[in-house]
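Here's the letter readout for the chains.
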Amino acid sequence: MMIAFLGPPGAGKGTQAKLLASELHVPHLSTGDMLRAAVKARTPLGVEVEGFMTAGKLVPDRLVLGLLRERLRAPDTAGGCLLDGYPRNVAQAEALREFLPLDRVLYFDLPEQELLPRLTERRSCPTCGTIYNLRSHPPKHAGHCDRDGAELIHRPDDRLEAVRTRLQVYQGETAPVLEYYRAKGLLRTIPAGGSVEEVRAAIRRALA
Ligand code: AP5
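Parameters at a glance
- Residues numbered from 1 in each chain as written.
- Predicted model: local features only at pLDDT ≥ 70, side-chain atom pairs only at ≥ 80, totals over all residues.
- Heavy atoms only, no water.
- Pairing = 2+ DSSP bridges.
- Helix = DSSP H or I, 4+ residues; strand = E, 2+ residues; numbered from the N terminus.
- Axes fitted to C-alpha atoms, helices over the stretch in contact; angles between N-to-C directions.
- Core = buried A, V, L, I, M, F, W, Y, C linked by side-chain atoms within 4.5 Å.
- Buried < 20%, exposed > 50% of the residue type's maximum accessible area, 1.4 Å probe, protein only.
- Contact = heavy atoms within 4.5 Å.
- Left-handed = near helix turned anticlockwise from the far one by under 90°.
- Nonpolar A, V, L, I, M, F, W, Y, C, P; charged D, E, K, R; others polar.
- Expected span 1.5 Å × (residues − 1).
- Arc of directions from axis to C-beta.

So, on to the sheet that holds strand β3 (residues 81-84). Hydrogen bonding along the main chain pairs the strands of a sheet, whether they run parallel or antiparallel. Spatially, β2-β3-β1-β4-β7 is the arrangement adopted by the five strands of the open sheet, whose pairing is parallel. Of all the strands in the sheet, just β2 (28-30) and β7 (187-191) have a single pairing partner and so form its edges. Geometrically, the sheet is characterised by an average inter-axis angle of 25 degrees between neighbouring strands, direction not taken into account. In terms of strand pairing, β2 meets β3 through three bridges, oriented parallel. Looking at β3, one finds that L29 is bridged to L83.

Another point: the nonpolar core. Ranked by size, the top nonpolar core spans 32 residues in total, and within it L68, L83, Y86, L96, L102, V105 and Y181 carry the most contacts. Elements with a contribution of two residues or more to this core: β1 (2-6), α2 (31-40), α3 (44-55), α4 (61-72), β3, α5 (90-99), β4 (104-109) and α7 (160-183). Setting aside chain neighbours within four positions, we find V105 in contact with A4, L6, Y181, L186, L187 and R188. Judged by nonpolar contacts, the second largest core, of 22 residues, contains A21, V26, L115 and L167.

With that out of the way, let us pick up the packing of α2 against α3. Taken N-terminus to C-terminus, the directions of α2 and α3 make an angle of 115 degrees; their axes are 8 Å apart at the nearest point. For the pair α2 and α3, the sense of crossing is left-handed. When α2 is examined against α3, the residues G32, L35, R36, A38 and V39 are found in contact with a partner set consisting of L45, G46, V49, E50 and M53. For the contact of α2 with α3, the per-class residue count stands at six nonpolar, two polar and two charged.

This part is about helix α1 (residues 13-24). What sets the pattern is the α-helix's 3.6 residues per turn: residues three or four places apart point alike. For α1, spanning twelve residues, the distance from its first C-alpha to its last is 16 Å, which sits close to the expected 16 Å at 1.5 Å a residue. Where α1 is concerned, the buried positions are K13, G14, Q16, A17, L20 and A21. Angular distribution of buried residues about the axis of α1 spans 155 degrees; they occupy a single face of the element. Buried-residue contacts for α1 involve β1, β2, β3, β4, β6 (131-133) and α8 (196-207).

Next comes the structure, spelled out in structure tokens:
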């Protein structure tokens, strides 16, 4: 099954994608994670995209599409995959249709006032990718990952100014993608304001 998660920054897509991918035994393809890995490794792509990401703007379509196409060539995606963070605009959705038809698109619905604390209080493990929140899901030992002890990071694009830009970009460029998939009958809305377990249960119902 080919599934995509859509929704505003901080709605919980990454948290749920990790859980669902492990449950369905399919790869979790997060374009944000792939781009952050390129930035960290200082690859030519990483150097090119870093400024866009830190400012909270979208990376140019051709760069993200190239990265995703390359990843989808790997044999582990043949049986299905979970896209998280792609498509981000209608042009990306059109490009995707050419080479990866989706079976279901889940929209994480959360009001803006609930997104802000999720983003500004988020901390992530740079080694294993585990996502924490200082309020709703703090690490057992402050500042360190429960799994591997690595020092947690605060994403540069989770600063308030970049968060504001990301929310504007979402409204202007990504929200129209919801209509695109609704018109195709693929979109299901997930109320994303409950606990992680409640959201997980809503996802299971939407995919049943
Ligand atoms: P990306 O990494 O995709 O970021 P995003 O879409 O903005 O989403 P986030 O990762 O911020 O949030 P999330 O919904 O995954 O929430 P999370 O689970 O972490 O993109 C980053 C950047 O990369 C973009 O700005 C752009 O520059 C570039 N990019 C990526 N893809 C691109 C593309 N296709 N085209 C162009 N550019 C692209 O949860 C957030 C917080 O809430 C956490 O602290 C978590 O613990 C907490 N939380 C989660 N669920 C709950 C819950 N149920 N209750 C309480 N707290 C919860």
